[in-house]
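Understanding the architecture of this molecule
Listed below, chain by chain, are the residues.
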Amino acid sequence: MEEAQGVKPKKKAFCFICNQRKPALKRPKTLDQICRECFYAVFEDEIHRVIVDNQLFKPGERVAIGASGGKDSTVLAYVLSELNRRHNYGLDLFLLSVDEGITGYRDDSLETVKRNEIQYGLPLKVVSYKDLYGWTMDEIVKLIGLKNNCTFCGVFRRQALDRGAALLKVDKLATGHNADDIAETVLLNILRGDIARLSRCTSITTGEDGPIPRCKPFKYTYEKEILPNLNQVSFTYAYFKRLDYFSTECIYSPNAYRGFAREFIKDLERMRPRAILDIIRSGENFRISTSTKMPEQGTCERCGYISSQKWCKACVLLEGLNRGLPKLGISRSRGLNSDHTKDVKRSNGTKNIESKQCGTLDF
């Protein structure tokens, strides 16, 4: 009927790559319509190429995967274990989780990680804020409220991952930070005027001069390809593979500053899909003036952790908590570290890695 009226029938759409199967999704970064099988192949191959081209790992290395039970770390654990077998990386892989002590959130997500341990055959190590610092996030929020709790959690979590990695005696720590996360961090560091972090936030491997280097195999992987927003109808890697992950957001982070940057990035992506990668590329090409004074890395005089001050940020925050003055740790006052130095001298500068003074077992 259509041909009789001079109207050509629509051509049947096929996968952009194989041209044989029906498309199952449109890739966010390229807008190519591809089938499920080709999506698996290109998704995994892109991550493999990132690993190889950037020489993220060496044969025989012990690698800890930061595992929260969320979509990014779950997909990372699955893909990295698959690529390790398929391409013979020769890595010993471990799952490393941090229990912040958030009832109704972290306790549930850790159950997911424990299932992943069995599903992927990867040994699991869990370190907790309570054991490392003597505080849980529930206790901290009860004391300080919701306004600055992410400051405490971010600092403590970063050190906790390093301490846990040290306990596992690993050579590298792999995290599930994706392209969206890195673009958000570039924007946040610009808004904060944080030149030191801006100069290194796009690096695929960081901390090479610290205790344990950490790398980001998902640096160029869009979040939408890992798992979409819960309000979106989309088919992505975690969905297709039916991976076991935890999808609830942290109950203490509804007003986190990063959330505003995230929404801005999403708006840009809707208008221009390549905006995320463009922001990352811009961050990679930033050049810091030679006249800019950068912080010098040393070690904390109290716990021995890396720090550009006399006391590391975790020790400063803990001192405020333990003295019942939590805002001291958030204050920009320079006098606090001076006071800490006096206290260190009185306590002979103890650097006990098992002390709760600074969460000393530690993203």
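Quick caveat: nothing in here was measured; it's all calculated off a predicted structure. (Residues numbered from 1 in each chain as written. Predicted model: local features only at pLDDT ≥ 70, side-chain atom pairs only at ≥ 80, totals over all residues. Heavy atoms only, no water.)

**Considering the UniProt feature "binding site: ATP" (unreviewed entry) in the protein chain**
Sequence positions flagged by UniProt for "binding site: ATP" (unreviewed entry) are, in local numbering, Gly 66, Ala 67, Ser 68, Asp 72, Val 98, Gly 176 and Asp 181. If you take the residues mentioned a moment ago, the ones lining the largest cavity come down to Ala 67 and Ser 68. Those residues in contact with Ser 68, other than ones at most four positions away along the chain, are Ser 73, Arg 106, Ser 109, Val 113 and Arg 157. By secondary structure assignment, the location of Gly 176 is in the loop between strand E6 (172-174) and helix H7 (179-192). (UniProt positions renumbered as here; feature names shortened; annotations may be inferred. 1 Å grid on protein atoms, 1.4 Å probe; cavity = no way out; pocket = protein on both sides within 12 Å on 5 of 7 lines; lining within 4 Å. Contact = heavy atoms within 4.5 Å. Helix = DSSP H or I, 4+ residues; strand = E, 2+ residues; numbered from the N terminus.)

**Regarding the packing of aromatic side chains**
Enumeration according to the criterion identifies 15 aromatic pairs in this entry. Ring centres of Phe 152 and Phe 156 lie 6.2 Å apart, and the angle between their planes is 70 degrees; on these two criteria the pair is classed as edge-to-face. In this pair, Phe 152 and Phe 156 both sit in helix H6 (residues 149-168), four residues apart, roughly one turn of the helix. Owing to a relative accessible area of 0%, Phe 156 belongs among the buried residues under this scheme. Joined through ring pairs, the aromatic side chains of Phe 39, Tyr 40, Phe 43, Tyr 78, Tyr 120, Phe 218, Tyr 237, Tyr 239 and Phe 240 make up one cluster. Over the face of the ring belonging to Tyr 40 we find Lys 241, whose NZ or CZ atom lies 4.1 Å from the ring centre. (Phe/Tyr/Trp six-rings, centres within 6.5 Å; stacked < 30°, edge-to-face > 60°. Buried < 20%, exposed > 50% of the residue type's maximum accessible area, 1.4 Å probe, protein only. Lys NZ or Arg CZ within 6 Å of the ring centre and 35° of its normal.)

**So, the pattern of salt bridges**
This structure, assessed with the given rule, holds 28 salt bridges. Notably, a salt bridge pairs Lys 219 with Glu 284, separated by 2.6 Å at the nearest N-O pair. Highlighted residues: Lys 219 in the loop between strand E8 (214-215) and helix H9 (223-226) and Glu 284 in helix H12 (residues 275-284), separated in sequence by 65 residues. Under the relative-accessibility criterion, Lys 219 is labelled buried at 4%. For Glu 284, a relative accessible area of 25% puts it in the partly exposed group. If you follow the salt bridges from partner to partner, you end up with Lys 71, Asp 72, Asp 180, Glu 223 and Lys 266 in one network. (Salt bridge = Lys/Arg side-chain N within 4 Å of Asp/Glu carboxyl O.)

**Some points on the sheet that holds E6**
Across the sheet, six strands lie side by side as E5-E4-E3-E6-E8-E7; this open sheet has mixed pairing. The open sheet terminates on both sides in strands that have one partner only, identified here as strand E5 (124-128) and strand E7 (205-206). Bridge count for E6 against E8 is two bridges, and the pairing is parallel. Residue pairing in the sheet places Leu 173 in a bridge with Arg 214 of E8. Sheet contacts for helix H2 (residues 71-86): strand E3 (62-66), strand E4 (92-99) and E6; angle to E3, the most-contacted strand, approximately 155 degrees. On top of the sheet, H6 reaches E3, E4, E5, E6 and E8; it is set at about 140 degrees to E4, its chief contact. (Pairing = 2+ DSSP bridges. Axes fitted to C-alpha atoms, helices over the stretch in contact; angles between N-to-C directions.)

**Some thoughts on a nonpolar patch on the surface**
The grouping of Leu 191, Tyr 257 and Phe 260 at the surface amounts to a nonpolar patch, some 350 Å² of accessible area in total. Tracing the sequence through the fold places Phe 260 in helix H11 (residues 257-271). (Patch = residues over 30% accessible without salt bridge, like charges linked within 9 Å, V, L, I, M, F, W, Y side chains within 5 Å. Areas by Shrake-Rupley, 256 points an atom, 1.4 Å probe, with all protein chains shown as cover.)

**Quick notes on helix H13 (residues 313-322)**
Burial of H13 is extensive: eight of the ten residues sit out of reach of the surface. All of the buried residues in H13 are Ala 314, Cys 315, Val 316, Leu 317, Leu 318, Glu 319, Gly 320 and Leu 321. Phi turns positive, to about 75 degrees, at Gly 324, one or two residues after H13.

**With respect to the environment of Ala 166**
As for its placement among the helices and strands, Ala 166 is situated in helix H6. For Ala 166, a relative accessible area of 40% translates into the label partly exposed.

**Digging into the pairing of E4**
Among the eight residues in E4, six count as buried, and that is most of the element. As defined by bridge partners, E3 adjoins E4 across five bridges and the pair is classed as parallel. Its bridge partner lying in E4, Val 63 is registered against Leu 93. Handedness of the crossover joining E3 and E4 through H2: right-handed. Pairing analysis gives five bridges linking E4 to E5, with the strands arranged parallel. Bridge assignment links Asp 99 to a residue of E5, and that residue is Ser 128. Note on the crossover from E4 through helix H3 (residues 106-120) to E5: the handedness is right-handed. (Right-handed = clockwise from strand over helix to strand, strands pointing away.)

**Quick notes on the packing of H7 against H12**
Geometrically, a packed helix pair is captured by the angle between its two axes and the distance between the axes. With their axes 9 Å apart at the nearest point, H7 and H12 run at an angle of 55 degrees to one another. What the angle tells us is that H7 and H12 run oblique. Relative to H12, H7 is oriented so that their crossing is left-handed. Residues Ala 179, Asp 180, Ile 182, Ala 183 and Val 186 of H7 touch H12, and the partners they reach there are Ile 276, Ile 279, Ile 280 and Gly 283. Within the contact of H7 with H12, the residues separate by chemical class into seven nonpolar, one polar and one charged. (Parallel < 35°, antiparallel > 145°, perpendicular 65-115°, else oblique. Left-handed = near helix turned anticlockwise from the far one by under 90°. Nonpolar A, V, L, I, M, F, W, Y, C, P; charged D, E, K, R; others polar.)

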